[in-house]
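Breakdown of the fold
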Amino acid sequence: MTGYLVFVTTSTAILALFSLGLNLQWGFTGLVNFGHVGFMILGAYATVLLSLQGVPLVLATGAGVLLGVLLALVMGLTTLRLREDYLAIVTLGIAETLRLVVLNEQWLTQGSFGVQGFALPFAGEDYKLLLMWLCLGVLGVVFWGLERLVRSPWGRVLKAIREDEEVVKALGKNVFWYKLQALMLGGGIAALSGAFFAWQETSIYPEDFQPQQTFDAWTVVILGGGGKNLGTVLGAVIFWAYTSLTRFVLPNLVPLDDARLGALRIMIIGLLIMVLIRWRPQGILGKKGELTLGK
Amino acid sequence: MVSEPLLNAVKVTKSFGALRAVDQVNLQVYPGSITSVIGPNGAGKTTLFNLLCNFISPDQGEVFLAGEPIHRLPPHRIARRGMVRTFQVARVLSRLTVLDNMRLGAQGQTGENFWCTWYQGRAISRQERQLRDQAMAILESVGLAAMADTYAGALSGGQRKLLEIARALMSEPKLLLLDEPAAGVNPRLIEQICEYITALNRQGLTFLIIEHNMDLIMSLSDQVWVLAEGRNLVEGTPAQVQTNHQVLEAYLGC
Ligand SMILES: Nc1ncnc2c1ncn2[C@@H]1O[C@H](COP(=O)(O)OP(=O)(O)OP(=O)(O)O)[C@@H](O)[C@H]1O
Ligand SMILES: [Mg+2]
């Protein structure tokens with residue numbers, strides 16, 4: 001049981017970290033990113049492959065984060081000047097492309113055999129417990145940093161862009177550059193979560209990085225109410241509480257095999273989101289007042 | 001006038017498909033003046049504003065601000081040079097408070113730089129307090145001080161117009177472009193806006209105003225430019241324009 005609690009807590013922290021990146025991009029800046037998992041792939045693979053080459057873990061992780069930031073830069077430079085739906089399409093495409101590259105470039109990634117036996121941040125019996133504390137610590141630091149940022153004038157510009165970028169332009173701010181910064185920072189955070197994901201799993205495979213990961217993050221952000229960091233963390237907690245509960249409870253209630261049960265769980269989540277958007281569109285922590293505001 | 005124009009647009013042209021929305025339009029705004037642009041609906045006034053600020057890039061023509069070409073600069077750089085516009089349909093940042101809308105207008109904020117937010121905390125909070133005071137003073141003068149902490153999205157149409165002007169003032173512009181500041185504003189408030197514009201103008205701020213409200217135009221303007229169907233029709237003092245038969249024709253169809 002403790003083992004499972006540790007697993008769930010670690011998973012929640014990683015999901016929260018991953019989703020905080022999306023919340024910065026979408027919740028605060030209004031950027032529609034449907035390829036968030038792409039940053040995670042880069043972060044995870046870069047970290048483990050570099051550490052397999054003997055690069056110290058901290059440097060390998062740093063390189064992973066940097067690659068995430070660079071990926072965001074490329075996405076942003078190519079699409080942010082275009083209409084906003086282009087970003088959604090391109091991010092989705094790039095994330096899938098990355099997964100396919102990882103699947104097919106076997107000389108580098110061993111394809112579907114996955115990567116195992118890479119260096120981990122800790123050793124010994126208490127590995128999982130220590131990793132959990134590390135995840136929570138990093139989540140805390142990132143959360144604190146993001147809160148500081150979104151409360152600063154820098155964050156005010158992001159929120160203003162979300163509301164109406166023409167106004168922000170008219171007031172002399174370089175909208176393109178701020179969007180790029182939000183995309184890069186969110187990408188870097190997601191890449192970092194990828195490293196933790198790899199360390200938790202201790203082996204990674206291309207199929208770990210399906211688009212579903214991106215949509216889980218969207219679920220989390222919407223659950224908590226976009227533009228609220230605390231809401232995003234809460235969303236991750238609810239997500240994993242739901243996942244673990246249904247994992248134990250559903251098999252006893254419905255006579256279905258595992259694959260179908262998995263599909264059913266996702267269906268229920270979809271249904272819950274529809275209900276939420278209908279009845280509480282501002283999310284769990286969002287303020288109702290914000291929604292009734294005219295544009 | 002002897003001085004150089006602060007804003008000088010030369011043969012600015014923009015077509016939307018087959019429609020020449022702005023056709024070879026010239027416009028000069030002299031420093032310290034209140035200059036107006038009038039013309040029937042669809043004459044191309046708002047489009048001209050968009051072209052001046054490069055929100056839409058002109059097909060042809062040049063725009064100079066204080067003698068320097070600006071028609072290739074991105075909009076935010078034009079704003080930083082002191083030419084700030086408002087929108088015909090007021091655009092407020094709904095889920096930001098009125099005060100935050102105001103603070104966003106201020107230029108050169110240390111805290112808007114990502115790196116500075118980490119190690120310039122003190123300087124930033126000092127600046128924020130200063131901006132708050134500055135914003136409150138302006139809000140006071142447009143009668144919105146009591147709304148400072150409400151979401152801007154909760155404001156009425158007229159209040160939004162006021163907030164937009166107030167927010168533009170936070171950037172301490174040299175030249176303020178107002179697109180129909182009096183539209184949808186009640187008569188008493190229009191009077192207040194007029195007084196306010198005159199007061200700011202005395203302090204040295206130059207205005208370029210699009211308006212349909214003739215009383216406002218005639219009482220405020222030093223110079224009036226009339227557009228019709230995307231072209232310059234006439235220009236002159238309010239008195240000259242008022243009696244011009246071409247203008248009467250364009251406006252009243254007689
Ligand atoms: N983005 C656009 N695409 C196509 N046509 C446009 C666009 N913007 C403006 N127009 C057209 O250009 C012409 C001029 O429009 P504009 O908004 O400049 O008029 P206006 O003088 O500001 O009118 P009003 O007094 O009603 O505000 C109109 O015929 C309009 O339909
Ligand atoms: Mg107009």
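The shown structure was predicted, so the numbers you read here are calculated from the model rather than taken from an experiment.

1. Some thoughts on the overall build of chain B
Per the secondary structure count, chain B includes 10 helices and 10 strands. What you see for chain B is a C-alpha radius of gyration of 19 Å, in line with the 18 Å of a compact globule of 254 residues. Overall, the C-alpha framework of chain B stretches about 60 × 40 × 40 Å when taken along its three principal axes. Of all 254 residues assigned to chain B, the portion counted as buried reaches 55%. Restricting to contacts in chain B with at least 6 residues of sequence separation, those with at least 24 account for 66%. The distance from the centre of the 23 positive side-chain charges to the centre of the 23 negative ones in chain B is 8 Å.

2. Here's the deal with the coordination of the magnesium ion (ligand 2)
Residues and elements named next belong to chain B. Taken together, Thr46 (OG1) and Gln88 (OE1) make up the protein donors of the magnesium ion (ligand 2), found 1.9 to 2.1 Å from the metal. Taken together, the residues span a long stretch of sequence, with Thr46 in helix α1 (residues 45–52) and Gln88 in the loop between β6 (83–85) and α3 (98–105) at a distance of 42 residues. The class of Gln88 is partly exposed, set by a relative accessible area of 33%.

3. Examining the site of ligand 1
Residues and elements named next belong to chain B. Lining the immediate surroundings of ligand 1 are 14 residues, of which Asn41, Lys45, Thr46, Thr47 and His212 lie closest. Gly42 has a polar backbone atom sitting 2.9 Å from an oxygen atom of ligand 1. For ligand 1, an oxygen atom lies 2.6 Å from a polar atom in the side chain of Thr47. Protein chains bury 61% of the 640 Å² of accessible surface belonging to ligand 1 in isolation. Secondary structure elements with two or more residues in the shell around ligand 1: β2 (19–29) and α1.

4. Overview of the interface of chain A and chain B
Facing the 31 residues of chain A at the interface are 35 residues of chain B. Roughly 3,100 Å² of surface becomes buried between chain A and chain B when both sides are summed, with 61% attributable to carbon and sulfur atoms. Applying the counting rule to chain A against chain B returns 14 residue pairs in polar contact (both at pLDDT 80 or more). With 8 residues, the top contributor of residues to the side of chain A that touches chain B is helix α7 (residues 153–163) of chain A.

5. Some thoughts on the pattern of salt bridges
Under the criterion given, the structure shown has 18 salt bridges over all chains. Ionic pairing is found between Arg99(A) and Glu96(A), a salt bridge with its closest N-O pair at 3.0 Å. With Arg99(A) and Glu96(A) both in helix α4 (residues 84–104), this residue pair falls 3 residues apart, about one helical turn. The salt bridge involving Arg156(A) is made with Glu128(B); its shortest N-O contact spans 2.9 Å. With Arg156(A) in helix α7 and Glu128(B) in helix α5 (residues 121–142), this residue pair bridges two chains. Across the pair, Glu128(B) and Arg156(A) agree in class, each one buried. Salt bridges sharing partners connect three or more residues here, namely Arg156(A), Asp100(B), Arg103(B) and Glu128(B).

6. Thoughts on the sheet that holds strand β9 (residues 223–228) of chain B
Residues and elements named next belong to chain B. The 6 strands are arranged β6-β7-β8-β3-β9-β10 in an open sheet whose pairing can be described as mixed. The open sheet has two edge strands, β6 and β10 (231–236), and neither has a second partner. Strand-to-strand twist across the sheet, computed as the mean angle between neighbouring axes with direction ignored, equals 15°. Here β6 runs beside strand β7 (residues 175–179); their pairing, made up of 3 bridges, is parallel.

7. What to know about α5(B)
Taking 1.5 Å per residue, 22 residues should reach 32 Å; α5(B) reaches 31 Å between its end C-alpha atoms and fits that length. Residues of α5(B) that are buried include every one of Ile124(B), Glu128(B), Leu131(B), Ala135(B), Ile138(B), Leu139(B) and Val142(B), and no others. The buried side chains of α5(B) occupy one side of the element, clustering within an arc of 95° when seen end-on. Projecting away from the buried face of α5(B) at angles above 90 degrees are the exposed residues Arg122(B), Arg126(B), Arg129(B), Gln130(B), Asp133(B) and Glu140(B). Where the residues of α5(B) are buried, they touch α7 of chain A together with α3, α4 (116–119), α6 (157–170) and α7 (187–202) of chain B.

8. Some remarks on the nonpolar core
Counting residues in each nonpolar core, the largest one holds 155 residues, and the members touching the most others are Ile204(A), Leu52(B), Met83(B) and Leu208(B). Top contributing element to this core by residue count: helix α9 (residues 175–201) of chain A, with 15 residues. Excluding residues within four positions of it along the chain, Ile204(A) makes contact with Ala44(A), Tyr45(A), Val48(A), Gly114(A), Val115(A), Phe118(A), Phe197(A), Ala198(A) and Phe209(A). Within the second largest apolar cluster, 8 residues are counted, among which are Ile38(B), Met218(B), Val226(B) and Val241(B).

What counts, and where the lines are drawn
- Residues numbered from 1 in each chain as written.
- Chains lettered and ligands numbered in written order.
- Predicted model: local features only at pLDDT ≥ 70, side-chain atom pairs only at ≥ 80, totals over all residues.
- Heavy atoms only, no water.
- Helix = DSSP H or I, 4+ residues; strand = E, 2+ residues; numbered from the N terminus.
- Rg over C-alpha atoms; globule rule 2.2 N^0.38 Å.
- Buried < 20%, exposed > 50% of the residue type's maximum accessible area, 1.4 Å probe, protein only.
- Contact = heavy atoms within 4.5 Å.
- Lys, Arg positive; Asp, Glu negative; His and termini not counted.
- Charge placed at Lys NZ, Arg CZ, Asp CG, Glu CD.
- Donors = N, O, S within 2.8 Å, 3.2 Å for Na, K, Ca; no water.
- Near = heavy atom within 4 Å.
- Polar contact = N/O pair within 3.5 Å; in protein donor to acceptor, adjacent residues only side chain to side chain.
- Areas by Shrake-Rupley, 256 points an atom, 1.4 Å probe, with all protein chains shown as cover.
- Buried area = accessible area lost by both parts, 1.4 Å probe.
- Salt bridge = Lys/Arg side-chain N within 4 Å of Asp/Glu carboxyl O.
- Pairing = 2+ DSSP bridges.
- Axes fitted to C-alpha atoms, helices over the stretch in contact; angles between N-to-C directions.
- Expected span 1.5 Å × (residues − 1).
- Arc of directions from axis to C-beta.
- Core = buried A, V, L, I, M, F, W, Y, C linked by side-chain atoms within 4.5 Å.

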